[in-house]
Amino acid sequence: MRATAIAPANIALIKYWGKRDAALNLPLNDSISLNLSAAATTTTVEFVDQLADEMRINGQDISGAELEKISRHLDLIAAKLGVERARARMSSSNSFPTASGIASSASGFAALTAAAVSALGHELPEKELSILARRGSGSACRSIPDGFVKWNRGHADNDSFAYSLYPANYWAIRDVVAIFGQEKKKVSSSAGHEIAATSPLLPCRVRFVERSIGEIEQSLADRDFTKFGTILESDGLNMHAVMLTSRPAIMYWQPETVALMHQVYDWRRSGLEAYFTIDAGPNVHVICQEKDAADCRAKLAVFPGVREIIENVPAQGVRLTAAEPGF
Ligand code: DP6
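In what follows, the accompanying structure is described.

Reading the values: rules and limits
- Residues numbered from 1 in each chain as written.
- Predicted model: local features only at pLDDT ≥ 70, side-chain atom pairs only at ≥ 80, totals over all residues.
- Heavy atoms only, no water.
- Disulfide = S-S within 2.5 Å.
- Buried < 20%, exposed > 50% of the residue type's maximum accessible area, 1.4 Å probe, protein only.
- Pairing = 2+ DSSP bridges.
- Helix = DSSP H or I, 4+ residues; strand = E, 2+ residues; numbered from the N terminus.
- Axes fitted to C-alpha atoms, helices over the stretch in contact; angles between N-to-C directions.
- Contact = heavy atoms within 4.5 Å.
- Near = heavy atom within 4 Å.
- Polar contact = N/O pair within 3.5 Å; in protein donor to acceptor, adjacent residues only side chain to side chain.
- Areas by Shrake-Rupley, 256 points an atom, 1.4 Å probe, with all protein chains shown as cover.
- Nonpolar A, V, L, I, M, F, W, Y, C, P; charged D, E, K, R; others polar.

Now for the state of the cysteines. Under the defined criterion, the tally for this structure stands at 0 disulfides. For Cys-296, which is in no disulfide, the shortest distance to another cysteine sulfur is to Cys-288 and amounts to 3.8 Å. Given the relative accessible area of 0%, Cys-296 is considered buried.

This is the structure in structure tokens:
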């Protein structure tokens, strides 16, 4: 009745922003992501004889809405498996700052789902795990498969899931993340998804993404880094255009975020081929080839406002592990 799973965070290269169904986390569009080696969540779930669920995240007990959301997720998993569940003791730790804009909800719900299924004595195929993880947080479905991942938006609960396009060792690219802020973000991504449709640009984005998905898949097949980088950078900006034109507007960028975007343009002009993408926070993911990673890292280390740098290689998806974060 006890299991531990580790799941990577993932960075979307073609973003998920806006839902067709908020209760089921069905997205408006397909998305494509990369699992991150240096940003993972390890979660232990143990079903025990006690009165209430309890969870510690990075050593802190959580309560209220955050805990209720996790309890509901365990109920959903038990219902799917057709079993009664006892209350759960859970402990989770992130290898990166929680809610800093690195999607802890993705690695968190992916690890929770895999650990809970196993602690209930079951095994599920990857597709079913991905569907369940999606119900906790949309992007979590992409932290289940390995390496380079595509989430097909599907039409209903049973066909909206992610799968691996290529394994982690397919292409040695790097995601060097410049961390600017460590505070909890002001507008959660769930709240942002809810108002995405208030942006007049959203319908245009959905059409644009359909084309970008095909193009980025082709660039992956060809390992064409220039095309790959151009498309992912453009899609990130496209998503932020929707955020910026929602009502109320959401601006996740800080001044240093914008300064770094300009800097990346300058690097490209001087021959360092790097591209950026930004999620629902101020941090900047700099995507480069293996040969340029040390250079990017050194440049970011002296960039004003950078508090921490996390360098990622493509990583495998969720897996069970014997190592526990400890209660
Ligand atoms: C900007 O998966 O965090 O990171 O489904 O409401 O939990 P919920 O949202 P979430 O949204 C992620 C948004 C994003 C882009 C992406 O990862 O595709």
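This part covers the sheet that holds strand β10 (residues 173-179). The strands that make up a sheet pair up through hydrogen bonds in the backbone, lying either parallel or antiparallel. Taken together, the 4 strands give an open sheet; going across it, the order is β11-β12-β10-β13, and neighbouring strands pair in antiparallel fashion. Lying at the two open borders of the sheet, with one neighbouring strand each, are β11 (274-277) and β13 (308-312). Neighbour to neighbour, the strand axes of the sheet diverge by 25 degrees on average, direction disregarded. One ladder, built from 4 bridges, connects β11 with strand β12 (residues 284-289); its direction is antiparallel. The residue bridging Phe-276 from the neighbouring strand is Val-286, located in β12. Along the sheet face, helix α6 (residues 225-244) touches β10, β11 and β12 and points at about 25 degrees away from the line of β11.

Of all the 18 residues making up strand β4 (residues 31-48), 16 are buried; the element is thus mostly covered by neighbouring parts of the structure. Two strands pair when backbone bridges link them, and strand β1 (residues 2-14) and β4 are joined in this way by 11 bridges, in the antiparallel orientation. Each bridged residue has a counterpart across the sheet, and for Ala-5 the counterpart in β4 is Thr-43. Across 4 bridges, β4 lies against strand β8 (residues 148-152) in antiparallel orientation. When the sheet's bridge partners are listed, Ser-31 is paired in β8 with Trp-151. One ladder, built from 8 bridges, connects β4 with strand β7 (residues 87-94); its direction is antiparallel. Paired with Thr-43 across the strands is Ser-92, a residue of β7.

With that settled, consider the site of the ligand. The full set close to the ligand counts 17 residues, and Tyr-16, Ser-137, Gly-138, Ser-139 and Ser-190 are the nearest of them. Here Arg-142 contributes a side-chain N or O atom positioned 2.7 Å from an oxygen atom of the ligand. Burial of the ligand by the surrounding chains reaches 97%, relative to a free accessible area of 460 Å². Looking at side-chain class alone, the shell around the ligand contains 5 nonpolar, 8 polar and 4 charged residues.

Quick look at unusual backbone geometry now. Between Arg-247 and Pro-248 the backbone carries a cis peptide bond, its omega angle lying at -5 degrees. For Pro-248, the location among the structural elements is in the loop between α6 and α7 (255-269). Residues other than glycine seldom take positive phi values, yet Asn-25 does so here, at roughly 55 degrees. Note that Asn-25 resides in the loop between β2 (19-21) and β3 (26-27).

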